[in-house]
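Tertiary structure, described
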Amino acid sequence: MGEWRVLIGQLSLVTSEPRPAALREMAAIEVERHRGRLASLAIAVVVIAVGVPLWWRTTETYRAWLPVTQINQLAQLQIQLSVEVEVVFSRGTLTTEHQKKIEPTHTRQEEHTVDETTGLSYRYETRYRTATIMEEDALNQPTAAETDRSLHLLSESPCGSVVVYVLPESSTLLPEAVSVYVGQRRTALLRAGRPMRVGVGLKEVLTHLEAQVQQVLQVMSFSHSDITAALSDRVRLDYSSREGLADSMRAFKSSPGYEITFSLLNPDPKSHHLHWDIEAAVQSYVQPLLSKLAPVADFSLDSQILYYAVLGVNPRYDPSLNAYTLNADSLSHVINPVEARLGSSAASSNPVLNFLLYVPDARHSPLYITDHRKDIVVSNAFSSPRWGGIMVYNVNNSSGPGTELPVDINIDMTRVMGVFLAQLRLMLGVQSSAPPPGFLVGPCGPAGLADWELDRLLWSRSVENVATATTTITSLAQLLDQIGNIVINDNIAEQVSAAVASLQLAVGQLESGNLGLAMQYSKEAILQSERAFFDPSLLHLLYFPDDQKFAIYIPLFLPMCVPILLSLLKMAAEARQRRRERQDKKD
């Protein structure tokens, strides 16, 4: 029994000691585990330190730098308009004592707050002087029109300025009931009132004169209502009357270019063979006006003849007139059927001004347009706001039974162009409002546009361009700030920076009174801002929500990240297990 116990004890000692092969296998397993842990850790480090930054860098949205600070400054728009006014006193208007005391210059400024982000300031720099000998000779001409022409030959006033010649109360140059004559240029003749007689103080004289000069400036330069109406793209305006709203919607919005189309509608070519010399008429009547309006915009002209084109509205026969009529209520239904056949230039982004000459057929001739009071419109034409105008041209249809058809008809283009020019002025925003009492406005000259009318249009168009461009730029900046996925290429950044620079220059030139340069810079600003806003590259990632990102990235990153993440979790669990075992051994 004792020997068996010894043998069993020795056998148990032998079985409890590890074998060399088992030790080597355990060591190899441990080395392999350590190598796996190092590999997993290395892969995780490479993915986190190299892969993630590389992926982030190669997939990030490129966004070029934009002048955000300057754009935010333009959002708070403050426009100052400076007008140079020269008041020239002719002989007999000022006493010698007044001439010695009067200051050579005087500055007056008006401040207007349109809304919380827009303000207007008007600065009138007035310079007083007496007339020269040559100007006195010009003021002795028999008529005001000849005086205006002679004064223009002596000196030409810069764009945007106004010159007022003060005449004595006893002057016969102006008619009795007229106190102010406005000529073709930038010159006005003003009759001195009673406060400028001898014995009146200089302060009273200048106070009375300043009120008269301000009234002249309201006509020849700009008015506050014109400037606020030009801010309609930026400021919501409250029109007090229906007429004011209609006037604001009649003219086209400011644009760098316009397309003008003249169309002759012949609904009965079997009866009428119409001849219109549109090319000569455009050269004689329209081109001088467009040449003078060249600082405002670029113009493109074309013409066409449409056969079998009808108005789409059946005129009514009026026995009292023995003619057919189109009343004002039916005119709104005339344009749509005709517009489908006009074929206006669809390739151009510029607004199109349509002028239609309609010759009614023999069955509906003569045809007259009547107003709301059933009276015949003298011009026999009507205009549609921001579209164009239509004129009805009646011809003599008293052809006998043996008359050969079609009858040749020559259209009187002088009468037609007189109507179209008046409509064109309205469409382009040239104001033709009635002058104040006591004002006499001279003819606008062969160009169909006076110099002061051009200045008045330039003031409003410059402000409108600045307001439109600032609205476009600030809207683009807000859009790019809210949607971070939109790519901002370098060319867009250059266009935005150029638009901001042009806007700053335009505002600065308006403040300096350089109206021509202000108009030029404002046109550049609106072109560059719209080119940047409507750039096609901005639309690629305009709608790219987060759910689409997850749908793209999960199939790519999930198969790679799950093994790495599980390996890191296993390594963390093993590390905690080893730490726990060492703590148990210590205990």
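Residues numbered from 1 in each chain as written. Predicted model: local features only at pLDDT ≥ 70, side-chain atom pairs only at ≥ 80, totals over all residues. Heavy atoms only, no water.

As recorded in an unreviewed UniProt entry, the protein chain goes by GPI transamidase component PIG-S and comes from Coregonus suidteri. Taken directly from UniProt, the Subcellular location (unreviewed entry) text for the protein chain runs: "Endoplasmic reticulum membrane". Quoted verbatim from the Pathway (unreviewed entry) heading of the UniProt record, the comment on the protein chain is "Glycolipid biosynthesis; glycosylphosphatidylinositol-anchor biosynthesis." (UniProt positions renumbered as here; feature names shortened; annotations may be inferred.)

**Section: a nonpolar patch on the surface**
Residues Phe 550, Ile 554, Leu 558, Val 562, Leu 565, Leu 566 and Leu 569 make up a contiguous nonpolar surface patch of roughly 680 Å² in combined accessible area. What makes Ile 554 partly exposed here is its relative accessible area of 44%. (Patch = residues over 30% accessible without salt bridge, like charges linked within 9 Å, V, L, I, M, F, W, Y side chains within 5 Å. Areas by Shrake-Rupley, 256 points an atom, 1.4 Å probe, with all protein chains shown as cover. Salt bridge = Lys/Arg side-chain N within 4 Å of Asp/Glu carboxyl O. Buried < 20%, exposed > 50% of the residue type's maximum accessible area, 1.4 Å probe, protein only.)

**Some words on the UniProt feature "transmembrane region" (unreviewed entry) in the protein chain**
Taking the UniProt record as the reference, the feature "transmembrane region" (unreviewed entry) is found at residues 38–56 and 550–573. Note that residues 38–56 is 100% helix and 0% strand, and that its end C-alpha atoms are spaced 26 Å apart. (Helix = DSSP H or I, 4+ residues; strand = E, 2+ residues; numbered from the N terminus.)

**Overview of the pattern of salt bridges**
Scanning all chains against the criterion turns up 16 salt bridges. One salt bridge connects Glu 210 with Arg 108, and the closest N-O pair in it is separated by 3.1 Å. Of this pair, Glu 210 sits in helix H7 (residues 202–220) while Arg 108 sits in strand E2 (residues 105–115), placing them 102 residues apart in sequence. Residue class for Glu 210 comes out partly exposed when judged on its relative accessible area of 30%.

**Examining the sheet that holds strand E5 (residues 180–182)**
The seven strands are arranged E2-E3-E1-E4-E6-E5-E17 in an open sheet whose pairing can be described as mixed. The open sheet has two edge strands with one neighbour each: E2 and strand E17 (439–441). Going from strand to strand, the sheet's axes swing by 20° on average, the running direction of each strand aside. Sheet topology note: the E5/strand E6 (residues 187–191) ladder contains three bridges and is antiparallel. Its bridge partner lying in E6, Val 182 is registered against Ala 188. Each of strand E1 (77–89), E5 and E17 touches helix H13 (residues 451–482); the most contacted strand, E1, lies at about 165° to it. (Pairing = 2+ DSSP bridges. Axes fitted to C-alpha atoms, helices over the stretch in contact; angles between N-to-C directions. Contact = heavy atoms within 4.5 Å.)

**Things to note about the packing of aromatic side chains**
Enumeration according to the criterion identifies eleven aromatic pairs in this entry. Measuring from centroid to centroid gives 6.3 Å for Phe 252 and Tyr 258, while their planes differ by 80°, and the two rings are edge-to-face. Across the pair, Tyr 258 and Phe 252 agree in class, each one buried. Both rings, one in Phe 262 and one in Phe 420, keep their centres 5.9 Å apart while their planes meet at 40°; by these two values the pair is tilted. Here Phe 262 is found in strand E7 (residues 257–266), whereas its partner Phe 420 is found in helix H12 (residues 413–427), with 158 residues between them in sequence. Each of the two residues, Phe 262 as well as Phe 420, counts as buried. Pairwise contacts between aromatic rings join Tyr 122, Tyr 124, Phe 222 and Trp 459 into one cluster. (Phe/Tyr/Trp six-rings, centres within 6.5 Å; stacked < 30°, edge-to-face > 60°.)

**What about the packing of H13 against helix H14 (residues 490–512)?**
Running from amino to carboxyl end, H13 crosses H14 at an angle of 145°, the nearest separation of the two axes being 10 Å. Judged by the sense of rotation from one axis to the other, the crossing of H13 with H14 is left-handed. Counting all contacts with H13, which are made through Trp 459, Ser 462, Val 463, Val 466, Ala 469, Thr 470, Ile 473 and Leu 476, the residues of H14 involved are Val 496, Ala 499, Val 500, Leu 503, Ala 506, Val 507 and Leu 510. Split into classes, the residues belonging to the contact of H13 with H14 amount to 13 nonpolar, two polar and no charged. (Left-handed = near helix turned anticlockwise from the far one by under 90°. Nonpolar A, V, L, I, M, F, W, Y, C, P; charged D, E, K, R; others polar.)

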